[in-house]
Amino acid sequence: MASPFWRRAVGIRPTPTQPLDCLVWLVMAVLLVLLALLMLVGDHARVRVRDFTWQGRQVGVEDRAFVITFSRPMDTASVETNLTITPPLPGKISWAGRRLAYTLQQPIPYGQTFRVNLLQARDRFAPNKTGKGSRFQPFQAEFSSRKRAFLYIGVEGEEANRLVLADPAQRQRLILTPKNLRVLAFKAYPLGDRVLFSAGDSSQDQGALNQQLYRVTTGIQPRPPVDLDLRGKPFWQPGRPQPISGKLELVLDNRQYQNLKFDLSADGQVIVVQRVNRSNPADFGAWVVPAQAAPYRLNTQPGGDFLIAPDSQSLVLLQGTGTAIIDLARNTGSVAAKPLDFLPEYGQVLDITPDGTAAAMVNFNQNDPEKQFQQSLVLVTNQGQKTQLLQVRGGILGAHFDPMGPLLYVVISELETRPAQGTLDTAAYVQRPLLLTVNLKTLAQTRLLRLPPQPDVHMSLSPDGRFMLLNVSDQGDGLKSADPSAGSGSSIWTLDLRRDTTTDQVLATDPQPYPFKGLRATWLP
Amino acid sequence: MVQLNNGITLFFSLLVEAIPFLLLGVLFSSLLLLFVDEQRLLTLIPKNVVLAALMGGLIGFLFPVCECGNIPVARRLLLKGAPTALAIGFLLAAPTVNPIVFWATWIAFRDQPEIVFLRVGFTLVIAVLVALIFSVQTDSRPLLQDHLSRLMPAPVQPGEKPPGSGFQTADLLRSGTFLVQSPGQVVSLDAALVQTWASSSRSLRMRLGLMLDNMVLEVRELGAVLIVGSAIAALVQVIVPREVVLSLGQGPITSILAMMTLAWVVSICSTVDAFFALSFASMFTSGSLLAFLVFGPMVDLKNISLLLTVFKSRTIIYLFALVAQLTFLLTLAMNLYGN
């Protein structure tokens, strides 16, 4: 019998029928029937949200966007129309495949709980474009922002010289450090669960020269969307321990080297400490203490004041009369590497924007005889642009970039002449601090608050940019020292930074005092 | 001119991607030929056809080859007398069910882990089912090309001892043509000469030399075929661009067909296809992505020429049709009922 044409066409020579032939045709027929049945039954798949990155999480200012992943490609317009957040959080929606990213336009306000609702939406293959008979599984989720809390060094009673955690909403306080340690400086870890601090033995007179670095837990249980501390750890290693406040750990001792000043990186992974060898004072400089490795000496020229840049990778160090930017990772060898950049005109860096694109720097005008005893505040961008923001006769005490808008909060001290009081007294200069804002777009200055005469004011802007803490000496006499080691009291004041949204301008308000006293009151991140 | 450039680029990219894996497959095939005793291999294979098919599907974890490298190994398994179920199970599953492909898929679809596990699961189910269907054919010689079926041992009937299980002198009692070299040394002229020599040789050096010779031989034979297959795949992609294939449809049913056709045409290696599929994740359902990831490694245009060196065209049509229907059925069920 002649073979069928299709067999000849595909080159199959006539062969006797094998057992396989019958079975294959039978199976193919059965599969065809099953396929037809399946197609006739229609689409019964439920469309749902597979993942929401902030589900049940506690987020902070470092979290700028959440992502919702759907089980199917979606009709984007239907999702964008129906997605609601209560209370409202202005943001922008962008899509990457099945993922929706919602980027906040402003830092999230702290101490609030938010509800995300997506009750109806259509997938791209939905037959009914009107949304009726939707097969979308309604989605509801909650997340919260971190609670507002601040730290200070106590000055009164049991709190004296100890680190204290304060909850401004409940007006409650918690002492974190033991009595035998005299806390000198501190910096909180990025999630607020731990605090790095330097302290000396309170029984010794020279506590400041014998400070050691410690870490203490605050008892706060962070639930961040992405936990940097757990990244890279194998799954069998324990995660975060149960929160206990006051658990103390020595980070860096002072046996061979004296510790002078420290800073903690924004990601909490690197500590930089300025140290001097006890037996060889020429052995002086910055040391790097990585989270998971032994401390090492940073191989660069010795410098003065410093801070770690927001990228946690570089150090901004005062060297000579200028400021050097030093790569923390590359300066570990025996030969000192060149700084990434050197800014010869600036003797102090007050603040750097979180994205590292600009810094507020102080020019002491030492090379300009006409501007002697004047200080200039300059905005320096990473593109090399320099804009003078202020020039003051007196001092620039501090500056903070506003996370909410194009403002820079600045505390300056203006020199005022105090007239002679009585026959034996002579006229004297007093420093009178002033809080003001500079609009970085228009360079307009707005005076917010005049403070009593005193040489130093500690300012702390809340991470969400909505409140400010001010440490003001309560001595009445501005000439008295506000140095914490002097043991003088200090009031903590808070400012509610309400603003006019149309002009980006902060409206001046009366500061409110807290009923307790302390030094260096600083918001937790 | 642009199309010619595209065609040449596609041709070389397919070839560059496939040749290392073909070499790896040929290496494994030669190792099997010269260092694995066929009798020991056959004793390790389960008697139960389901277990044999499953074992074939899981051997990929030992021989991590893609769809270009699995054909020489499957051919060698058949020549070694392995059951059809095992060889077919290996042929279909090994390009996917192996550690390299699992890792690559995991990297690409970490946020959709079900894609990773269902890819392996669906592949194993399809490979085992097709292998079971092929196992009804106890004598696999009619499925193979004539030059291979001549080298194959006759199937072992139930109750019959496998060849070579008795005394050495029993070789002469079997049917076939033999060369008697000296007393006690009998060479079967039906078997591959290299295999026969290797089995009688004890020297490691000689075995390695023979292995190299066999590798060169197989690379020359299969490499030439792969070049032809890659050229055809490149030509088809130039004539029918990917956009045309994708425009076949993006619905729950048509998208599966589109992605299966795309997998067949682009003939991308299973070790990297997950990253290619990832670019379609925004437009297609999980079912259609799985159809691409499951169907592509089993069946592609470039490999038809390689498969034709082993199987008769009828066998290849059966393989393709069954794999296509089963892939379509499983991924369609996932699209229509999966959440």
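Quick notes on the rules
Residues numbered from 1 in each chain as written. Chains lettered and ligands numbered in written order. Predicted model: local features only at pLDDT ≥ 70, side-chain atom pairs only at ≥ 80, totals over all residues. Axes fitted to C-alpha atoms, helices over the stretch in contact; angles between N-to-C directions. Helix = DSSP H or I, 4+ residues; strand = E, 2+ residues; numbered from the N terminus. Parallel < 35°, antiparallel > 145°, perpendicular 65-115°, else oblique. Left-handed = near helix turned anticlockwise from the far one by under 90°. Contact = placed C-beta atoms within 7 Å. Nonpolar A, V, L, I, M, F, W, Y, C, P; charged D, E, K, R; others polar. Expected span 1.5 Å × (residues − 1). Buried ≥ 20, exposed ≤ 12 C-beta atoms within 10 Å, placed from the backbone. Core = buried A, V, L, I, M, F, W, Y, C linked by C-beta atoms within 7 Å. Pairing = 2+ DSSP bridges. Domains from an automatic or database assignment.

**A closer look at the packing of helix α5 (residues 84-93) of chain B against helix α7 (residues 113-134) of chain B**
Residue and element names in this part refer to chain B. Running from amino to carboxyl end, α5 crosses α7 at an angle of 150°, the nearest separation of the two axes being 8 Å. It follows that α5 is roughly antiparallel to α7 by the angle criterion. As α5 packs across α7, the resulting crossing turns out to be right-handed. Within the contact between the two elements, α5 uses Thr84, Ala85, Ile88, Gly89, Leu92 and Ala93 and α7 uses Thr123, Leu124, Ile126, Ala127, Val128, Val130, Ala131, Leu132 and Phe134. A breakdown of the residues in the contact of α5 with α7 according to their chemical character gives 12 nonpolar, 3 polar and no charged.

**Describing the packing of helix α6 (residues 99-108) of chain B against α7 of chain B**
Helix-helix packing is described using two parameters, namely the angle between the two axes and the distance between the axes. Residue and element names in this part refer to chain B. In contact at an axis separation of 8 Å, α6 and α7 are set at 150° when each is read in the N-to-C sense. On the basis of the axis angle, α6 is roughly antiparallel to α7. Relative to α7, the crossing made by α6 is right-handed. Every residue of α7 that contacts α6 at Phe102, Thr105 and Trp106 is listed here: Val116, Arg119 and Val120.

**Some details on helix α10 (residues 204-239) of chain B**
Look at α10 of chain B: 51 Å from first C-alpha to last across 36 residues, which is about the 52 Å you get at 1.5 Å a residue. Residues of α10 of chain B that are buried: Leu210, Asn214, Glu218, Leu222, Val225, Leu226, Gly229, Ser230, Ala233, Ala234 and Gln237 of chain B.

**Observations regarding the interface of chain B and chain A**
Between chain B and chain A, the contact holds 30 residues from the first and 28 residues from the second. Of all the elements in the fold, those that place two or more residues in the side of chain B that touches chain A are α7 and α16 (313-337) of chain B. For the side of chain B that touches chain A, the leading source of residues is α16 of chain B, giving 15 residues. Tallied by class, the residues present in the side of chain B that touches chain A amount to 19 nonpolar, 9 polar and 2 charged.

**Comments concerning the nonpolar core**
By size, the foremost hydrophobic cluster in this structure holds 99 residues, and its most contacted members are Phe90, Val130, Met259, Met260, Phe292, Phe295 and Val323 of chain B. With 13 residues, the top contributor of residues to this core is α7 of chain B. With sequence-adjacent residues up to four places away left out, valine 130 of chain B is seen in contact with Ile88, Leu92, Leu319, Leu322 and Val323 of chain B. Membership of the second largest hydrophobic core comes to 84 residues, among which are Ile271, Ala359, Leu377 and Leu407 of chain A.

**Topic: the sheet that holds strand β15 (residues 245-252) of chain A**
Residue and element names in this part refer to chain A. Judged by pairing direction, the sheet is antiparallel, and its 4 strands sit side by side in the order β12-β13-β14-β15 without closing on themselves. The open sheet terminates on both sides in strands that have one partner only, identified here as β12 (181-188) and β15. Along the sheet, successive strands turn relative to each other by an average axial angle of 30°, direction set aside. Taken together, the 5 bridges between strand β14 (residues 212-218) and β15 define a ladder with antiparallel strand orientation. By the bridge assignment for β15, tyrosine 214 is matched with leucine 250.

**Some remarks on the domain arrangement of chain A**
Accessible area lost on assembly of the parts is the figure often given for the size of an interface. Residue and element names in this part refer to chain A. Looking at chain A, the domain boundaries give domain 1 (49-145) and domain 2 (395-525). Contact with domain 1, which involves 7 residues of that partner, is made by 8 residues of domain 2. Looking at the side of domain 1 that touches domain 2, its residues break down into 5 nonpolar, 2 polar and no charged.

**Things to note about unusual backbone geometry**
Residues and elements named next belong to chain A. A cis geometry characterises the amide bond from threonine 86 onward to proline 87, with omega recorded as -10°. As for its placement among the helices and strands, proline 87 is situated in the loop between β4 (84-86) and β5 (91-96). Phi is positive for asparagine 161, close to 65°, though the residue is something other than glycine. Within the fold, asparagine 161 resides in the loop between β9 (150-154) and β10 (163-167). Although it is not a glycine, arginine 171 adopts a positive phi angle of roughly 55°. Residue placement: arginine 171 occurs in the loop between β10 and β11 (172-175).

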